[in-house]
Amino acid sequence: MSINIAVAETLRGLRLKKGISQEKLAEAIDSHQVYISEIENGKKTPSLAVIYRIAQFFNLSLSEFAALVEAKL
């Protein structure tokens, strides 16, 4: 599995577990729904700054988010 797919699956899983839309997540992290969709489909690689905002949104540290991604690899 590629890192992009691992990030995609982790993000999608966290988002669905919380029951929020891509649009709501994008708004919360000052991004766009299309960008979230592209990340979740493995088409875009988010920057560290975006990953940090995503992790914060889900009340995770960067290392906790990274551990979730690594578990999928």
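Just so it is clear, the model here is predicted, and its values are computed rather than measured.

About the criteria used
- Residues numbered from 1 in each chain as written.
- Predicted model: local features only at pLDDT ≥ 70, side-chain atom pairs only at ≥ 80, totals over all residues.
- Heavy atoms only, no water.
- Helix = DSSP H or I, 4+ residues; strand = E, 2+ residues; numbered from the N terminus.
- Rg over C-alpha atoms; globule rule 2.2 N^0.38 Å.
- Buried < 20%, exposed > 50% of the residue type's maximum accessible area, 1.4 Å probe, protein only.
- Areas by Shrake-Rupley, 256 points an atom, 1.4 Å probe, with all protein chains shown as cover.
- Lys, Arg positive; Asp, Glu negative; His and termini not counted.
- Charge placed at Lys NZ, Arg CZ, Asp CG, Glu CD.
- Patch = residues over 30% accessible without salt bridge, like charges linked within 9 Å, V, L, I, M, F, W, Y side chains within 5 Å.
- Salt bridge = Lys/Arg side-chain N within 4 Å of Asp/Glu carboxyl O.
- Axes fitted to C-alpha atoms, helices over the stretch in contact; angles between N-to-C directions.
- Parallel < 35°, antiparallel > 145°, perpendicular 65-115°, else oblique.
- Left-handed = near helix turned anticlockwise from the far one by under 90°.
- Contact = heavy atoms within 4.5 Å.

(A) The overall build of the chain, seen in detail. Across its full length, the chain carries five helices and zero strands. Its helices and strands taken in sequence order, the chain reads α-α-α-α-α from the N to the C terminus. Here the chain has a C-alpha radius of gyration of 11 Å; the compact-globule value for 73 residues is 11 Å, and the two agree. With the C-alpha coordinates of the chain rotated into their principal frame, the extents come out at 30 × 25 × 25 Å. Classification of the 73 residues of the chain by burial places 38% in the buried group. For the chain, the accessible area works out to roughly 4,400 Å², and carbon and sulfur atoms hold 53% of it. Here the chain contributes 9 positive and 8 negative side-chain charges, whose respective centroids are spaced 3 Å apart.

(B) Structural view of a nonpolar patch on the surface. On the surface, a cluster of nonpolar side chains totalling about 390 Å² of accessible area is made up of Met1, Ile3, Ile5 and Leu73. Among the structural elements, methionine 1 can be located in the segment before α1 (3-18).

(C) View of the packing of α1 against helix α5 (residues 62-72). Closest axis-to-axis distance for the α1/α5 pair is 8 Å, and the angle between their directions is 120 degrees. As the angle between them shows, α1 and α5 are arranged oblique. Of the two elements, α1 crosses α5, and the hand of that crossing is right-handed. In this structure, α1 contributes Ile3, Ala6, Val7, Glu9, Thr10 and Leu14 to the contact, and α5 contributes Phe65, Leu68, Val69 and Lys72.

Function cannot be read off these values alone, since they describe shape.
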